[in-house]
Amino acid sequence: FGAHGLRGRLEPEALQVFEVAVRYQMYHALALVLVGLLAGRSSGSLAPCGWAFAAGIGLFSGSLYALALTGSRDWGRVAPFGGAAFLLGWGLLALKTLWPPRGEARK
């Protein structure tokens, strides 16, 4: 949609913003798949990681989509909250998979 449907309808800068939103959504959709794959092998719950990634997609990518499509710069204020959610998701995933609780070995 973005590559064909929006080209010519959006300014080049807005199209770039839209493409960044798509890229980060794709990366973190793959991160959600990773969380799902690791969930069966992890001793603790990875649900907080998944929720953080989902929130990041909604806040970061969603705000950039809105910014690109509406032109309202106010949406740019929401993106950092999504970025923080992405960082939280990656941090939790690292903690829960690389450093298991004491007394438990990594599987």
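Residues numbered from 1 in each chain as written. Predicted model: local features only at pLDDT ≥ 70, side-chain atom pairs only at ≥ 80, totals over all residues. Heavy atoms only, no water.

Chemist: What should I look at first to understand the packing of aromatic side chains in this one?
Modeler: Two aromatic rings, taken as a pair, are described by how far apart their centres are and by the angle between their planes. One pass over the structure, following the stated rule, counts six aromatic pairs. Both rings, one in Phe18 and one in Tyr65, keep their centres 5.0 Å apart while their planes meet at 50°; by these two values the pair is tilted. Pair noted here: Phe18 is in helix H1 (residues 12–39) and Tyr65 is in helix H2 (residues 47–70), with a separation of 47 residues, a long-range link. With relative accessibility at 8%, the residue Phe18 sits in the buried group. For the ring pair Tyr24 and Phe60, a centre distance of 5.0 Å and an interplane angle of 55° mean the geometry is tilted. One end of the pair, Tyr24, is in helix H1; the other, Phe60, is in helix H2, with 36 residues separating them in the sequence. Each member of the aromatic cluster is reached from another via a ring pair, and the members are Tyr24, Tyr27, Phe60 and Phe86. (Phe/Tyr/Trp six-rings, centres within 6.5 Å; stacked < 30°, edge-to-face > 60°. Helix = DSSP H or I, 4+ residues; strand = E, 2+ residues; numbered from the N terminus. Buried < 20%, exposed > 50% of the residue type's maximum accessible area, 1.4 Å probe, protein only.)

Chemist: Hey, could you run me through the pattern of salt bridges in this one?
Modeler: By the definition in use, this model includes two salt bridges. Of the charged contacts, one joins Glu13 and Arg73 as a salt bridge, the two residues approaching to 2.7 Å between their closest N and O atoms. Placement of Glu13 in helix H1 and of Arg73 in the loop between H2 and helix H3 (79–98) is noted, with a sequence separation of 60 residues between them. The class of Glu13 is partly exposed, set by a relative accessible area of 47%. By relative accessible area, Arg73 is classed as exposed at 56%. A salt bridge links Asp74 to Arg77; its shortest N-O distance comes to 3.5 Å. Residue classification places Asp74 among the partly exposed residues on the basis of a relative accessible area of 47%. (Salt bridge = Lys/Arg side-chain N within 4 Å of Asp/Glu carboxyl O.)

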